[in-house]
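# Structural characterization, general
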Amino acid sequence: MADYRLVAEARTEFGKGSARRTRRAGRVPAVLYGHGQDVVHLSLPAREFAAILRNGGGNALITIELDGAEHLALTKAVQRDPLTRTHEHVDLLTVRRGEKQTVEVPIVIVGEPGIDSIPNHQMNAVSIEADATRLPDSIEVDVTGRTAGQNITAGDLVLPVGATLISDPEALVIGFLGAPTAEALEAELAEAEAEAGIERDESDADAAAGEGDVVPEPQDQGSGESMDAAENS
C-alpha cells in the first residue's frame, strides 16, 4: 500500500465565510474524528488531496501531519461542488494499525467473456471488513471465457488476505446470458413486423369506417316558416 501523507493546518474560524476563504487559499476544510477523541478542525492541501483520491481511491490510508503529530486516517465522506466537482469538505476517521474497518470496495472487471455470452453487471462494489492498513482500492473479477450461466456472485470474489466479506455472498455481481442466434433474431424481427402490420390494418379499418359515416344535414327552419307564410297569404 502506498504511503500517502498530507500536512494539515488547524482551523480556528468556522462558518461559510471562513470555508470560502480556505478554499480560495487552495485548501479543503476538513474534520478529523474517531476513538472518542474531540473533533479536530483542520484544512488539507486541495491539489495533493485530490491526487490521493485519484491514485489511491476512496479507501487510501492517509498520514495526517498536524502540529508535529501524526494521525492515520481514512476518508469517510467528501462533499463536492455539483458543477465544478471540486472538494468542498472532507470527513476523516482516525484509525489504528491492526484494527478492522468496514468499507465499500469497487469491483473492476477484467478480461473478455466468451464470444457467445453477454455480461450483465449487477454490482459495482462490495462491502468488506479488513485491516485498516490493508484496505484494497479495488477488487478484480476476471471474466475471461465465461459463458452463459457461469455467473459470479459476491462469494466468488477473491478478497485480500485477512479480509472478510460483509455483503451477501449470494448476491449476483455479474451474470452471463447466451447471445441470441441469427434464427432467433430473424424470428423476433418477423414477429415485430407482423405486429406492426396488424396495427396498420386496424388503423386503416378505423379510418375507413370513419369516412363512411353519414352526418345528416340540419334542416333550414327559416325556409319552412317562409313557405307557411306564403301559403297563408
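Please refer to the structure higher up on the page.
Attention in this report is confined to the structure presented alongside it. For clarity, every value in this text was computed on a predicted model and none was experimentally measured. (Residues numbered from 1 in each chain as written. Predicted model: local features only at pLDDT ≥ 70, side-chain atom pairs only at ≥ 80, totals over all residues. Heavy atoms only, no water.)

### Overview of the side chain of Asp131
- Tracing the sequence through the fold places Asp131 in strand S10 (residues 125–131).
- The buried charged residue Asp131 lacks any salt bridge partner; its closest oppositely charged side chain belongs to Arg134, at an N-O distance of 4.7 Å.
- A distance of 2.8 Å separates the side chain of Asp131 from the backbone nitrogen of Thr133, its partner in a polar contact.
- With residues near it in sequence (within four places) discarded, Asp131 still touches Gly98, Glu99 and Lys100. (Helix = DSSP H or I, 4+ residues; strand = E, 2+ residues; numbered from the N terminus. Buried < 20%, exposed > 50% of the residue type's maximum accessible area, 1.4 Å probe, protein only. Lys, Arg positive; Asp, Glu negative; His and termini not counted. Salt bridge = Lys/Arg side-chain N within 4 Å of Asp/Glu carboxyl O. Polar contact = N/O pair within 3.5 Å; in protein donor to acceptor, adjacent residues only side chain to side chain. Contact = heavy atoms within 4.5 Å.)

### Here we look at unusual backbone geometry
- With a phi close to 60 degrees, His35 is a non-glycine residue in the positive phi region.
- For His35, the position within the fold is in the loop between strand S3 (27–34) and strand S4 (37–45).
- On the basis of relative accessibility, which here comes to 34%, the residue His35 falls in the partly exposed class.
- Although it is not a glycine, Arg85 adopts a positive phi angle of roughly 65 degrees.
- Considering the arrangement of structural elements, one finds Arg85 in the loop between strand S6 (69–80) and strand S7 (87–94).

### Focus on the layout of surface pockets
- Roughly 160 Å³ of volume is contained in the second largest pocket.
- Lining the second largest pocket are Gly57, Gly58, Asn59, Leu74, Thr75, Lys76, Thr102, Val103, Glu104, Pro106 and Asp137.
- The set of elements that each furnish at least two residues to the lining of the second largest pocket consists of S6 and strand S8 (100–110).
- With four residues, S8 is the largest single contributor of residues to the lining of the second largest pocket.
- When its residues are assigned to classes, the lining of the second largest pocket shows three nonpolar, five polar and three charged. (1 Å grid on protein atoms, 1.4 Å probe; cavity = no way out; pocket = protein on both sides within 12 Å on 5 of 7 lines; lining within 4 Å. Points joined across faces, edges and corners; volume = space filled by probe spheres on them. Nonpolar A, V, L, I, M, F, W, Y, C, P; charged D, E, K, R; others polar.)

### Thoughts on the sheet that holds strand S14 (residues 172–178)
- With antiparallel pairing, three strands are arranged side by side in an open sheet as S9-S14-S12. The sheet is open, and its two borders are formed by strand S9 (117–121) and strand S12 (152–153), each paired with just one other strand.
- Across two bridges, the pairing between S12 and S14 is antiparallel. When the sheet's bridge partners are listed, Ile152 is paired in S14 with Ile174. (Pairing = 2+ DSSP bridges.)

### Overview of the nonpolar core
- Counting residues in each nonpolar core, the largest one holds 24 residues, and the members touching the most others are Val95, Ile107, Val126, Ile128, Ile152, Leu157 and Val173.
- Among the secondary structure elements, those contributing two or more residues to this core are S6, S8, S10, strand S11 (139–142) and S14.
- Residues within four places of Val173 in sequence aside, it is in contact with Ile107, Asn120, His121, Gln122, Met123, Ile152, Thr153, Ala154 and Leu157. (Core = buried A, V, L, I, M, F, W, Y, C linked by side-chain atoms within 4.5 Å.)

### With respect to the side chain of Ser127
- Here Ser127 lies in strand S10.
- On the basis of relative accessible area, Ser127 is assigned to the buried category, the value being 10%.
- Here Ser127 is in contact with Thr102, Val103, Glu104, Thr164, Leu165, Ile166 and Ser167, once residues within four sequence places are set aside.

### Structural notes on the pattern of salt bridges
- A complete count under the given rule lists four salt bridges for this structure.
- Salt-bridge contacts for Arg5 lead to Glu65; the nearest nitrogen and oxygen are separated by 2.9 Å. Here Arg5 is found in strand S1 (residues 4–7), whereas its partner Glu65 is found in strand S5 (residues 61–66), with 60 residues between them in sequence.
- The exposure class of Glu65 is partly exposed, given its relative accessible area of 25%.
- We note a salt bridge from Glu9 to Arg27, for which the minimum N-O separation is 3.6 Å. Remark: Arg27 occurs in strand S3 and Glu9 occurs in strand S2 (residues 9–10); sequence separation between them is 18 residues.
- Its relative accessible area of 15% is what places Arg27 among the buried residues.
- Beyond isolated ion pairs, a larger network of salt bridges with shared partners links Arg5, Glu65 and Glu70.

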